[in-house]
Amino acid sequence: MTHPVPEPASEDLLRRLAPQVLGALVRRYGHFDAAEDAVQEALLAAAGQWREEGRPRNPRGWLIRVASRRLTDQLRSEDARRRREETAAALTPRDEFVAPPPGEGRAPAADDTLTLLFLCCSADLPAAGRIALTLRAVGGLTTAEIARALLVPEATMAQRISRAKRRIKTSASPFGTRDGQENAARLADVLHVLYLIFNEGYTASSGRELQRADLATEAIRLTRAVHALLPDDGEVAGLLALMLLTDARRAARTGSDGSLIPLAEQDRTRWDRAAVAEGVMLVSDALTRTPLGPYQLRAAIAAVHDEAASDADTDWAEILALYEVLVRLVPGPAERLGHAVAVAMVHGPRRALDLLPALDDDDRLAGNHRLEAVRAHLLEMAGDRAAARAAYAKAAGLTLSTPERRYLRSRPPVSPNESTAAGLAVRMPDTGHGCRTPALLLIT
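Residues numbered from 1 in each chain as written. Predicted model: local features only at pLDDT ≥ 70, side-chain atom pairs only at ≥ 80, totals over all residues. Heavy atoms only, no water.

**Student:** So what exactly am I meant to see when it comes to the overall build of the protein chain here?
**Tutor:** From N to C terminus, the protein chain includes 20 helices and four strands. Per-residue burial for the protein chain yields a buried fraction of 53% across its 444 residues. Here the analysis covers contacts within the protein chain between residues at least 6 apart in sequence; of these, 68% occur between residues at least 24 apart. Looking at the protein chain as shown, the accessible area adds up to about 20,100 Å², and 52% of this sits on carbon and sulfur atoms. (Helix = DSSP H or I, 4+ residues; strand = E, 2+ residues; numbered from the N terminus. Buried < 20%, exposed > 50% of the residue type's maximum accessible area, 1.4 Å probe, protein only. Contact = heavy atoms within 4.5 Å. Areas by Shrake-Rupley, 256 points an atom, 1.4 Å probe, with all protein chains shown as cover.)

**Student:** Sorry, what's going on with the packing of aromatic side chains here?
**Tutor:** Between two aromatic rings, the relevant description is the distance of the centres plus the angle of the planes. Summed over all chains, the structure comprises three aromatic pairs. Aromatic pair W50 and W62: ring centres 5.5 Å apart, planes at 70°, arrangement edge-to-face. Taken as a pair, W50 in helix α2 (residues 32-53) and W62 in helix α3 (residues 59-75) lie far apart in primary sequence, twelve residues in all. The same class applies to W50 as to W62, namely buried. Taking the centre distance of 5.1 Å and the plane angle of 85° together, the rings of Y195 and Y295 count as edge-to-face. One end of the pair, Y195, is in helix α9 (residues 180-202); the other, Y295, is in helix α13 (residues 294-307), with 100 residues separating them in the sequence. No difference in accessibility class separates Y195 from Y295, as the two residues are buried. (Phe/Tyr/Trp six-rings, centres within 6.5 Å; stacked < 30°, edge-to-face > 60°.)

**Student:** Honestly, the pattern of salt bridges in this entry has me stumped. Any pointers?
**Tutor:** A pair can form between side chains of opposite charge whenever their charged atoms are brought close. Within this structure, the stated rule accounts for 16 salt bridges. Between R249 and D306 there is a salt bridge; the shortest N-O distance is 2.7 Å. Of this pair, R249 sits in the loop between α11 (234-247) and α12 (273-289) while D306 is found in helix α13, placing the two residues 57 residues apart along the sequence. The two residues R249 and D306 agree in class, both being buried. Put simply, R375 and D360 hold a salt bridge, and the shortest N to O gap is 2.6 Å. Within this pair, whereas R375 is found in helix α18 (residues 369-381), its partner D360 is found in helix α17 (residues 357-360), the two being separated by 15 residues in sequence. Take D360: its relative accessible area is 37%, and that puts it in the partly exposed class. Linked by salt bridges that have partners in common, D360, E372, R375 and K394 make up one network. (Salt bridge = Lys/Arg side-chain N within 4 Å of Asp/Glu carboxyl O.)

**Student:** Any chance you could explain unusual backbone geometry here in plain terms?
**Tutor:** Where the residue is not glycine, phi is negative for most of them; where a peptide bond is considered, it is trans in most cases. With an omega dihedral of -20°, the bond running from R411 to P412 counts as a cis peptide bond. Within the secondary structure layout, P412 lies in the segment after α20 (402-409).

**Student:** In this structure, what is going on with the packing of helix α6 (residues 127-138) against helix α10 (residues 213-229)? I would like to understand it.
**Tutor:** When two helices pack together, their arrangement is given by the angle between their axes and by how far apart the axes lie. Taken N-terminus to C-terminus, the directions of α6 and α10 make an angle of 70°; their axes are 12 Å apart at the nearest point. With respect to α10, the axis of α6 lies roughly perpendicular. Handedness of the crossing formed by α6 with α10: left-handed. Contact residues: α6 offers T134, L135 and V138, while α10 offers L215, E218, R221 and L222. Residues that form the contact of α6 with α10 fall into these classes: four nonpolar, one polar and two charged. (Axes fitted to C-alpha atoms, helices over the stretch in contact; angles between N-to-C directions. Parallel < 35°, antiparallel > 145°, perpendicular 65-115°, else oblique. Left-handed = near helix turned anticlockwise from the far one by under 90°. Nonpolar A, V, L, I, M, F, W, Y, C, P; charged D, E, K, R; others polar.)

**Student:** Explain the nonpolar core to me, please; I cannot follow it from the model alone.
**Tutor:** Soluble globular proteins tend to pack their nonpolar side chains together in the buried interior. Formed by 81 residues in total, the largest nonpolar core has its most connected members in L25, F32 and L63. Aside from chain neighbours lying at most four places away, what touches L25 is G30, A35, A38, V39, I64, A67, S68 and L71. The next biggest cluster of nonpolar side chains, apart from the first, holds 37 residues, and it includes W316, I319, L322 and L408. (Core = buried A, V, L, I, M, F, W, Y, C linked by side-chain atoms within 4.5 Å.)

**Student:** I would appreciate a short explanation of the packing of α12 against α13 in the present structure.
**Tutor:** Contact geometry for α12 and α13: axes closest at 10 Å, N-to-C directions at 140°. Taken together, the axes of α12 and α13 are oblique relative to one another. In this structure, α12 crosses over α13, and the sense of that crossing is left-handed. Contacts between α12 and α13 involve R273, V276, V280, V283, A286 and L287 on the former and, on the latter, Q296, A299, A300, A303, D306 and E307. Of the residues contributing to the contact of α12 with α13, the split by class is eight nonpolar, one polar and three charged.

**Student:** Any chance you could explain a nonpolar patch on the surface here in plain terms?
**Tutor:** Judged by side-chain polarity, L287, L292 and L329 come together as a nonpolar surface patch covering roughly 260 Å² of accessible area. Here L292 shows up in the loop between α12 and α13. (Patch = residues over 30% accessible without salt bridge, like charges linked within 9 Å, V, L, I, M, F, W, Y side chains within 5 Å.)

**Student:** Is there a simple way to explain the confidence of the model for the protein chain in this structure?
**Tutor:** Regions with low pLDDT should not have their predicted coordinates read in detail. On average, residues of the protein chain carry a pLDDT of 80, and 79% of them reach 70 or more. For residues 94-110, every residue scores under 50 in pLDDT, and the model assigns this stretch 22 contacts once sequence neighbours within four places are set aside. This model gives residues 418-444 a pLDDT under 50, and the stretch forms 92 contacts once residues within four places in sequence are excluded. (pLDDT = per-residue confidence, 0-100.)

**Student:** Is there a simple way to explain the side chain of K165 in this structure?
**Tutor:** Counting through the fold element by element, K165 comes out in helix α8 (residues 154-170). Residue class for K165 comes out buried when judged on its relative accessible area of 9%. Residues contacting K165, with those up to four places away along its chain left out, are F32, D33, E36 and L133.

**Student:** How do you make sense of α11 when you look at a structure like this?
**Tutor:** Structurally, the α-helix is built with 3.6 residues per turn, so residues lying three or four positions apart point the same way. Across its 14 residues, α11 extends 20 Å between first and last C-alpha, which sits within 8% of the 20 Å expected from 1.5 Å per residue. One side-chain oxygen at the N-terminal end of α11 lies 3.0 Å from the backbone nitrogen of E235; it belongs to D233. (Expected span 1.5 Å × (residues − 1). Polar contact = N/O pair within 3.5 Å; in protein donor to acceptor, adjacent residues only side chain to side chain.)

In structure tokens:
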């Protein structure tokens, strides 16, 4: 018996089931490359057949059965046909892919999405490979879509994905159950990759657009999937909350011409209040019942910004207190840079400027525009417009983002009377330092 559904619903379902089907095949047969090709063929078959005949009662079982057949066809050669079929039959439980009796909605018991994420986000892979493979295998994006999203040629992206697959094939770490310590380490890798994907979508590192909504949306979707699998993990909840609270401002961050609008100047009525409410709920719950972690703290900082009725109502003292805890947990340059911004808002720009020399020699900030953007903003706050303008120009020369470059080059605005600069209202950029919000300051 089938249940016809509108085409978009089937497409959404196929996208959601794709990583589960791929995970099931890789777990059973190995051969990541071949398994992925088989899953793609099964998805194409489903897109056509389900549209005409309706969705099967057990969509995931249907996809696994069809993909398994495709995979065994790929792996089978004329000389080894019988041996491989016997091996596949021996590895597969007899009732795994058969239709359930009437009245039963049985589907394969295991959801391998998280295990597949662990595989794709392995620290054994370079960061670029992890991101690309995650978007391809778990996100369901095509190579061309990933290439467009990350602004690299399609051929380059195809090579990057192929190298990542080969690396997985030769990896000593198998697809399957690991001990608790290894799972914890792998989960940290998964969250880091999802965080990277979101940030590239929220504030693109290069190009003409400030944001790439498709990447940010995909990161949120994947993080929701991880949260559904691990609802009691505080850092997973914290990361999802951070994404929701930050992405809630998306509509207000750019003007009609694509220009960057600083946080202080955004129309807060355009913020997604449903996303804000969900993010606040998630982080509040995590903070009260799970061990404290960096993503929870970043989300809490974002929540303070989003819950303020106006820029003037922002509780910077609370943000500073949260940053001081964060830099104790994660004393990286991004966290220390955000801490400096919070210090400026509570104790004044000169005190914050004194914190920057310690970051000047940090190799992780070498050639990066963010430190100079923070310096420029603090100098502007202090009333030193000439020095601020020079620092803004230096930051603009370092960024590859066109909207950020235009914004930085426009700072500080030309005033008929430069002597009144110190009395101007403080303008905290959307980034808290000229490029990103303090809650999402820098991704390493």
